[in-house]
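# Observations on the three-dimensional arrangement
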Amino acid sequence: MIFIFLGAPGSGKGTQATLTAEKYRLTQICTGDILREAVQRKDALGLKAADYMTAGKLVPDDLVIDIIEQRIERANCKRGFLLDGFPRTIEQAKRLGKMLKQRNRALSEVFYIKVEEKQLIRRLTGRRICPQCSKLYHIEFNPPKRDELCDICHIPVVQRKDDSPEVVLSRLEVYRQKTEPLVKYYQKKDMLIPVEGNGKVDEIFREISQKIDGFLPGN
Ligand code: AP5
């Protein structure tokens, strides 16, 4: 099983990909998390990516394609994996197609999570994250149990730099220009599964699970 989670910033790709990975024991590959870790470490990849990310722009295609190429070779991707935040350009999608073909593997489905723009802005500007374990929170919809401290690590949750209102608007514009064309791209390949993303986390996850269950052998 190889799935893509496609959607605007804040559509809940990460939230749904994490739940799916846990339930179906698949490896989640989130390019945003991989890049943020590299920025924190200040390694070569992080130094190249940092300015793009802070400005809400996409990191150059070659950098992220290299990341994916290395990750899918790992043993934990043999059984299957899900891509959260990749591909984000037509070029990335084409290169992914080639990579899979070379390895005799194939994409199963692309879940396209659709959310209204007003809601996207509310979700992104209210998002908080644990700097240690990366657990996601939201100040309104899913606050930490106690005093803005991570429920697991008990340290203060923080706001991502690119979740400030100005950067959020520029990320949404980049999404419309560069990533939204992938909807038609995968539709033409008959792989796109639209998912209504305005509802509650568990309702959305139920819809995704039903689609995956239908896809499993024997169904
Ligand atoms: P990345 O980290 O992938 O950010 P993004 O695509 O902007 O997506 P987000 O993580 O912001 O949102 P999400 O859809 O995962 O929503 P989430 O589940 O967190 O990328 C960051 C940067 O890295 C990019 O800007 C770019 O620079 C670079 N990059 C990454 N991949 C790249 C690539 N392939 N090519 C080039 N550059 C790349 O949910 C958001 C909030 O809403 C949370 O607080 C959550 O708790 C809440 N929430 C979720 N679902 C619901 C719900 N149903 N109801 C209420 N609240 C909800």
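Before reading on, note that the structure itself is shown above.
Since the structure is predicted, the reported quantities are computational estimates derived from the model, not experimental observations.

## Points about the overall build of the chain
Regarding its fold elements, the chain presents nine helices and seven strands. Here the chain has a C-alpha radius of gyration of 17 Å; the compact-globule value for 219 residues is 17 Å, and the two agree. The dimensions of the chain, computed from C-alpha atoms along their principal axes, are 50 × 40 × 35 Å. The long-range fraction of contacts in the chain, counting pairs at least 24 apart against all pairs at least 6 apart in sequence, stands at 70%. Counting only carbon and sulfur atoms, one obtains 51% of the accessible surface of the chain, whose full area is about 12000 Å². Of note, the chain has its 39 positive side-chain charges centred 3 Å away from the centre of its 30 negative side-chain charges.

## So, the packing of helix α7 (residues 165-179) against helix α8 (residues 181-188)
Interhelical geometry of α7 versus α8 gives an angle of 35° and a closest axis separation of 6 Å. Contact residues: α7 offers R176, Q177, K178 and T179, while α8 offers P181, L182 and V183. The residue inventory of the contact of α7 with α8, partitioned by class, reads three nonpolar, two polar and two charged.

## Considerations on the site of the ligand
As a matter of local geometry, the ligand sits amid 35 residues, with T15, K57, R88, R127 and R171 nearest to it. The contact in question runs from an oxygen atom of the ligand to an N or O atom on the side chain of R36, over 2.9 Å. Here the ligand loses 96% of its free accessible area of 1000 Å² to cover by the protein chains. For the shell around the ligand, the secondary-structure elements that each account for two or more residues are α1 (13-24), α2 (31-41), α6 (117-125), β6 (136-138) and α9 (201-215). Looking at the shell around the ligand, the element that brings in the most residues is α2, giving four residues.

## Things to note about the state of the cysteines
Counted under the stated rule, the structure contains zero disulfides. No disulfide involves C77; its sulfur sits 13 Å from the nearest other cysteine sulfur, which is in C30. Cysteine C130 remains unbridged, with the sulfur of C150 as its closest cysteine sulfur at 3.7 Å. Overall, C130 belongs to the buried group, its relative accessible area being 1%.

## With respect to the side chain of D163
Tracing the sequence through the fold places D163 in the loop between β6 and α7. By relative accessible area, which is 0% here, D163 ends up buried. Of the polar contacts made by the side chain of D163, one reaches the side chain of R127; its length is 2.8 Å. Ignoring any residue separated from it by four or fewer positions in sequence, one finds D163 in contact with L124, T125, R127, V168 and R171.

## Points about the pairing of strand β4 (residues 109-114)
With five of six residues buried, β4 is to be regarded as a mostly interior element. As paired elements, strand β1 (residues 2-7) and β4 share five bridges and run parallel to each other. Among the inter-strand pairings, F5 is bridged to a residue of β4, identified as F111. Note: β4 against strand β7 (residues 192-196), five bridges, orientation parallel. Opposite V110, over in β7, you have L192 as the bridge partner.

## Some details on the packing of helix α4 (residues 61-71) against helix α5 (residues 90-102)
Where α4 meets α5, the axes come as close as 10 Å, and the angle between the chain directions of the two elements is 25°. Comparing their axes, α5 and α4 come out roughly parallel. In the packing of α4 onto α5, the handedness of the crossing is right-handed. Residues D61, D62, V64, I65, I68 and E69 of α4 form the contact with α5, whose participating residues are E91, Q92, R95, L96, M99 and Q102.

Basis of the calculations
- Counting starts from 1 at the beginning of each chain's written sequence and moves along it residue by residue.
- In keeping with the predicted nature of the model, local features appear solely for residues at pLDDT of at least 70, side-chain atom pairs appear and are counted solely at 80 or more, and the whole-chain, interface and lining totals rest on all residues.
- Hydrogens and water molecules were not included; the side-chain quantities draw on all heavy atoms of the structure.
- Only DSSP runs of H or I reaching four residues or more are called helices, and only runs of E reaching two or more are called strands; each is numbered from the N terminus.
- In this setup the radius of gyration rests on C-alpha atoms only. A globule is expected at 2.2 Å times the number of residues raised to 0.38.
- In this description, contact between two residues means that some pair of their heavy atoms is separated by no more than 4.5 Å.
- For every accessible area listed, the method is Shrake-Rupley and the probe measures 1.4 Å; residues are considered covered only by the protein chains on display.
- Residues counted as positive are Lys and Arg, residues counted as negative are Asp and Glu, and His and the chain ends are not counted.
- Each charge is placed at NZ for Lys, CZ for Arg, CG for Asp and CD for Glu.
- Note on method: axes are straight lines fitted to C-alpha atoms, helices fitted across the in-contact stretch only, with angles between N-to-C directions ranging 0 to 180 degrees.
- In this classification, Asp, Glu, Lys and Arg are treated as charged, Ala, Val, Leu, Ile, Met, Phe, Trp, Tyr, Cys and Pro as nonpolar, and every other residue, Gly included, as polar.
- We call a residue near a molecule or strand whenever a single non-hydrogen atom of that residue lies within 4 Å of it.
- Polar contact is defined as a pair of N or O atoms within 3.5 Å, subject to the rule that within protein one atom must be able to donate a hydrogen and the other to accept it, and that residues adjacent in sequence are counted only when both atoms are side-chain atoms.
- Cysteine sulfur pairs qualify as disulfides if the two atoms are within 2.5 Å.
- Residue exposure (1.4 Å probe, protein chains only): buried if accessible area is under 20% of the type maximum, exposed if over 50%, otherwise partly exposed.
- Between any two strands, at least two bridges found by DSSP are needed for them to pair.
- Note on angle classes: values under 35 degrees are labelled roughly parallel, values over 145 roughly antiparallel, values of 65 to 115 roughly perpendicular, and the remainder oblique.
- By definition, any crossing whose near helix is turned counterclockwise from its far helix by less than a right angle is left-handed, and any crossing with a clockwise turn is right-handed.

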